[in-house]
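Structural description and commentary
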Amino acid sequence: WQLPFPMKPHEIIFSPDYSKYFVTCQDTNVNQVRVFNTSNDQLVQVIPVGKVPLEFALYEDGNLLFVTNTEDDFFPDMRGSISVIDLNTLTEIKKIKVGWQPHGIAVDPVKQVVYIANRNYSGGPAPHHAASCAGKNGYLSIIDLNTLERVPDFKPEVSVDPYAVGVRVKN
C-alpha cells in the first residue's frame, strides 16, 4: 500500500489487539485519521478530525484514541483541539478545547488523565516567565479520563516550544 504523499502522514499507532493501525494525515486539505487493516494494509475507515492532526495517545481501558489537532480552529478563541476517537465505532466522539497548539500527548491510566504539551509558538497567550531560549514558553494541559473534559486549574508553564510529553507508569 502507499499513502499519497500530499496527505502528509505524520504518526502511526496500532490498536490494542494489533488488528488495525491508525495514521494521522496532516495536510490541511485532508485533516483526517486513516485506519488500515494490519493483515492486508487495506483502508478500513477515514475519520475526519481537526486541522493538522499530529500525535496519538491510546487509552486501552476506555477503548479511546486521542489525537492532537495542532492548528484546529473549531473553538473560536483557540488554536488547536483534541479529537477523541472511539475504537469500537472508529468515529470521532468529541473535540476537547485544551490549549494553544497542542502537540505531544500521553495517557496516564493510573492517575486517569491525559497530558498535553501545548507548543504556544504562534499567536497564543503570553507567558508569565521568560525563558533563556528565544520564543514564547509553552504549557501543559490535562484531560480527566472520567469526564473527557480539560481540568481548568492545571496549566504549568514549561520552556519554549514543548514538543512532546511522556508518562512512566509503574506496575
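One can find the structure itself at the top, above this paragraph.
All figures in this text were calculated on a predicted structure; none of them were measured in a lab.

1. Here we look at a nonpolar patch on the surface
Taken together, the side chains of Ile12, Phe14 and Tyr18 define a hydrophobic patch exposed on the protein surface, amounting to about 340 Å² of accessible area. With respect to the helices and strands, isoleucine 12 occurs in strand 1 (residues 9–14).

2. Quick word on the packing of aromatic side chains
In the structure shown here, the tally under the stated rule is 5 aromatic pairs. Relative to phenylalanine 36, the ring of tyrosine 21 has its centre 5.2 Å away and its plane inclined at 20°; by these criteria the two rings are stacked. A residue pair is termed long-range when its members are at least 10 positions apart, and tyrosine 21 in strand 2 (residues 20–25) and phenylalanine 36 in strand 3 (residues 32–37) qualify at 15 residues. The exposure class of phenylalanine 36 is buried, given its relative accessible area of 5%. For the ring pair tyrosine 115 and phenylalanine 154, a centre distance of 6.4 Å and an interplane angle of 65° mean the geometry is edge-to-face. Pair noted here: tyrosine 115 is in strand 10 (residues 113–118) and phenylalanine 154 is in the loop between strand 12 (149–150) and strand 13 (157–160), with a separation of 39 residues, a long-range link. Taking relative accessible area as the criterion, tyrosine 115 reaches 18% and is therefore assigned buried. Here phenylalanine 154 falls in the partly exposed class, since its relative accessible area comes to 24%.

3. Here's the deal with the sheet that holds strand 6 (residues 64–69)
The sheet built from 4 strands is open, its strands ordered 5-6-7-8 with antiparallel pairing. Bordering the open sheet on either side are strand 5 (53–59) and strand 8 (91–96), each of which pairs with just one other strand. For this sheet, the mean angle separating the axes of adjacent strands, direction not counted, is 25°. As paired strands, strand 7 (residues 81–86) and strand 8 are joined by 5 bridges and run antiparallel to one another. Bridge assignment links valine 84 to a residue of strand 8, and that residue is lysine 94.

4. Some details on the side chain of serine 83
Structurally, the position occupied by serine 83 is in strand 7. Since its relative accessible area comes to 0%, serine 83 is described here as buried. At a separation of 2.8 Å, a polar atom in the side chain of serine 83 contacts the side chain of asparagine 69. With residues near it in sequence (within four places) discarded, serine 83 still touches Val49, Gly50, Leu65, Phe66, Val67, Asn69, Glu92, Lys94 and Lys95.

5. So, unusual backbone geometry
Leave glycine aside and you will find that most residues have negative phi; peptide bonds, for their part, are mostly trans. Positive phi, close to 55°, is recorded for asparagine 63, a residue that is not glycine. Classification of asparagine 63 as partly exposed rests on a relative accessible area of 23%. Even without glycine at this site, glutamine 101 takes up a positive phi of about 55°. Position of glutamine 101 relative to the elements: it lies in the loop between strand 8 and strand 9 (102–108).

6. Section: the pattern of salt bridges
The tally for this structure, following the rule as stated, stands at 5 salt bridges. Among the ionic pairs, aspartate 73 bridges to lysine 51, the shortest N-O distance being 2.9 Å. Of the two residues, aspartate 73 is situated in the loop between strand 6 and strand 7 and lysine 51 in the loop between strand 4 (43–48) and strand 5; the sequence distance between them amounts to 22 residues. A residue is classified by how much of its surface remains accessible, and aspartate 73, at 47% relative accessible area, is partly exposed. Judged by its relative accessible area of 31%, lysine 51 falls in the partly exposed class. Among the salt bridges present, the one from lysine 95 reaches glutamate 92, with a minimum N-O distance of 2.9 Å. For lysine 95, a relative accessible area of 17% puts it in the buried group. Its relative accessible area of 29% is what places glutamate 92 among the partly exposed residues.

Rules behind the numbers
- Residues numbered from 1 in each chain as written.
- Predicted model: local features only at pLDDT ≥ 70, side-chain atom pairs only at ≥ 80, totals over all residues.
- Heavy atoms only, no water.
- Patch = residues over 30% accessible without salt bridge, like charges linked within 9 Å, V, L, I, M, F, W, Y side chains within 5 Å.
- Areas by Shrake-Rupley, 256 points an atom, 1.4 Å probe, with all protein chains shown as cover.
- Salt bridge = Lys/Arg side-chain N within 4 Å of Asp/Glu carboxyl O.
- Helix = DSSP H or I, 4+ residues; strand = E, 2+ residues; numbered from the N terminus.
- Phe/Tyr/Trp six-rings, centres within 6.5 Å; stacked < 30°, edge-to-face > 60°.
- Buried < 20%, exposed > 50% of the residue type's maximum accessible area, 1.4 Å probe, protein only.
- Pairing = 2+ DSSP bridges.
- Axes fitted to C-alpha atoms, helices over the stretch in contact; angles between N-to-C directions.
- Polar contact = N/O pair within 3.5 Å; in protein donor to acceptor, adjacent residues only side chain to side chain.
- Contact = heavy atoms within 4.5 Å.

As far as function goes, none of this settles anything; it's purely spatial.
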